[in-house]
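Structural overview
Residue-level listing of the chains:
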Amino acid sequence: MSDIDLKERAGTAQFDQGQSIVGRGQREAARLTREWFSSLDKAAREEKKAAYVFVMGSMSEVLRTFDLPIVFPEVTSLQLAVRGMSEELLKKSEDYGYSPDVCGYVKSDVALHLAGGHHPMGMIPKACLSITTNACNTYFKWAEAWERIFHAPIITVDVPSERANGCKSMPQDIDYQFEVDYVTGQIKELIAKCEAITGKKFDIDKFRECLVHSNTMNVYYKKVLDLNANTPAVFNHLTDGLAYLGMANCFRGTAEGAQYFKELYEEMNYRVEHSIGAITRIDGKLVSLEQKFRLGLRGVPCYPIIREFDEMFSKWGGIFVASGYLTWASGGMSKPFEFDLNNPIESFAEGTVRQVREVQGGVIFDMPEIEKRGSRFNLDGVVYHGVKSCRTASSSLADRRFCSSEEQGLPILLIESELVDPRAVSKAQLKNRVDAFFEGLISRQHKEQMQ
Ligand code: SF4
């Protein structure tokens, strides 16, 4: 088998033109990512301080109402890994006293700030406050590190979670309203704190505008995910999908974010109509990926070798058409929910309850569509990727794998590596496991054809 078996689709107008609709989502995501880092760099150089938040319950709409720059350290840390800079930072944080088994996102980020915040994509401003939810228990300790480094207050938004499988309160339940009221009170405290820090009065109309943008993003983000039920799938969750996730988080509540997802949906719809599947760029040309096996992904990517990791699958014609990552890490964008502009603060609290609960319970209890036989994504197999750093995303993968394989009869692959630490990634071992998985899929297909 050739190294990367890609079928070139260049030559048509859609692929030739720099301004063409095909590939626009990729280009715009790259431009907006650079823009986001530049805005942080500018804030840092002007000695403006930022709000540090997490993707799961970022409170972006509230913070944007106060014009606070927003830093997503999960995003800045993964960018360090993609750029091959995490190992050095991880070693520094371990010298500083962090244990090797602490989440690598935290350690890269702490080492970055201890060295002055010089990120390869721009300076990161210092924090004036940090906000955490209980979506991941590591968030609390990470925020405490910023509290010590920046002497900035932490605001914790405690979201009632699903305590056991099937115990999630539903909108018609009395507990649901108690939970929303509990979070509404915390959002009001957050607003008061932002007023005190910025010296600005909360502008509820500006907040409504942010909610309008998030509503638009929500609608189109979900539509884009749904389009991947088509054959060929229009994007790969392990490549372009990661860029969409970045846009959903870093541009949440903004006009740019709303426009991005509207246009992305337009591009993807065009591609469905013209049977143009997932694309990639090789030697400056856009080419479409061969799609022989439709895969689902549970777990998170392997950022230190992200390109090679994807090529382990794409060289066999494997494409990730669905993933848990693009749902639970999207800040609720993947689920239908519309903020009620007549009741903005309470509605924002309700949206927060839903998105954080989706992570807390969803990772452990829910069996999403991609792990069910006969899902509309028409999967040939599911890949479970556990990582040393992230227990939140890696918990229960072995059991889930068992359920998908034994109860649903889906071909599965369980692999383990790391989120950001290249020292815990064994390429040869991963490749052997992935190759064996595809050999099994091919032999299974042959058997089915013979019957
Ligand atoms: S443990 Fe996982 S979810 Fe929690 S901060 Fe680290 S990477 Fe994020």
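Residues numbered from 1 in each chain as written. Predicted model: local features only at pLDDT ≥ 70, side-chain atom pairs only at ≥ 80, totals over all residues. Heavy atoms only, no water.

**A closer look at the site of the ligand**
In the vicinity of the ligand, the contacting residues are Met56, Glu74, Cys103, Tyr105, Cys136, Thr138, Tyr139, Trp142, Ser389, Cys390, Thr392 and Leu419. With 3 residues, the top contributor of residues to the shell around the ligand is helix 7 (residues 138-150). Its residues placed into classes, the shell around the ligand shows 8 nonpolar, 3 polar and 1 charged. (Near = heavy atom within 4 Å. Helix = DSSP H or I, 4+ residues; strand = E, 2+ residues; numbered from the N terminus. Nonpolar A, V, L, I, M, F, W, Y, C, P; charged D, E, K, R; others polar.)

**What about the environment of Gln355?**
Mapped onto the elements of the fold, Gln355 is located in helix 14 (residues 344-362). Its relative accessible area of 9% is what places Gln355 among the buried residues. Sequence separation between Gln355 and Lys262 is 93 residues; the distance between their C-alpha atoms is 21 Å. Those residues in contact with Gln355, other than ones at most four positions away along the chain, are Val55, Met56, Gly57, Arg252, Gly331 and Gly332. (Buried < 20%, exposed > 50% of the residue type's maximum accessible area, 1.4 Å probe, protein only. Contact = heavy atoms within 4.5 Å.)

**Focus: the nonpolar core**
Formed by 121 residues in total, the largest nonpolar core has its most connected members in Phe313 and Tyr325. Not counting chain neighbours up to four residues away, the residues in contact with Tyr325 comprise Tyr105, Leu242, Leu245, Gly299, Val300, Pro301, Tyr303 and Ser330. Counting 14 residues, the second-largest nonpolar core is a separate cluster that includes Ala233, Leu289, Ile319 and Ile370. (Core = buried A, V, L, I, M, F, W, Y, C linked by side-chain atoms within 4.5 Å.)

**Things to note about the sheet that holds strand 12 (residues 412-417)**
Across the sheet, which stays open at both edges, the 4 strands sit in the order 10-9-11-12 with parallel pairing between neighbours. One side of each edge strand has no neighbouring strand; the edge strands of this open sheet are strand 10 (318-323) and strand 12. Looking at each pair of strands side by side, their axes are set apart by 30 degrees on average, direction ignored. Of the strand pairs in this sheet, strand 11 (residues 381-387) and strand 12 are connected by 6 bridges, and their pairing is parallel. Counterpart to His385 in the pairing with strand 12 is Ile415. Across the sheet, helix 17 (residues 427-450) is in contact with strand 9 (293-299), strand 10, strand 11 and strand 12; its angle to strand 12 comes to roughly 175 degrees. (Pairing = 2+ DSSP bridges. Axes fitted to C-alpha atoms, helices over the stretch in contact; angles between N-to-C directions.)

**Topic: the packing of helix 6 (residues 104-114) against helix 7**
Where helix 6 meets helix 7, the axes come as close as 11 Å, and the angle between the chain directions of the two elements is 5 degrees. The angle between the axes of helix 6 and helix 7 places the two elements in the roughly parallel class. Contacts between helix 6 and helix 7 involve Tyr105, Val106, Asp109, Val110, His113 and Leu114 from the former and Thr138, Trp142, Ala145, Trp146, Ile149 and Phe150 from the latter. (Parallel < 35°, antiparallel > 145°, perpendicular 65-115°, else oblique.)

**A few points about the pairing of strand 5 (residues 127-133)**
Burial of strand 5 is extensive: 7 of the 7 residues sit out of reach of the surface. As paired strands, strand 1 (residues 50-52) and strand 5 are joined by 3 bridges and run parallel to one another. Opposite Tyr52, over in strand 5, you have Ser130 as the bridge partner. Where strand 5 meets strand 6 (residues 154-157), 4 bridges bridge the pair, whose relative direction is parallel. Note on strand 6: the bridge partner recorded for Ser130 is Ile154. For the crossover from strand 5 across helix 7 to strand 6, the handedness is right-handed. (Right-handed = clockwise from strand over helix to strand, strands pointing away.)

**Regarding the sheet that holds strand 1**
In any sheet, the strands associate via hydrogen bonds between backbone groups, in a parallel or an antiparallel arrangement. An order of 2-1-5-6 is seen for the 4 strands of this open sheet, with the pairing classed as parallel. In this open sheet, the two edge strands, each paired with only one partner strand, are strand 2 (70-71) and strand 6. Lying over the sheet, helix 7 contacts strand 1, strand 5 and strand 6, oriented at roughly 170 degrees with respect to strand 5.

Honestly, it's all geometry; don't read function into it.
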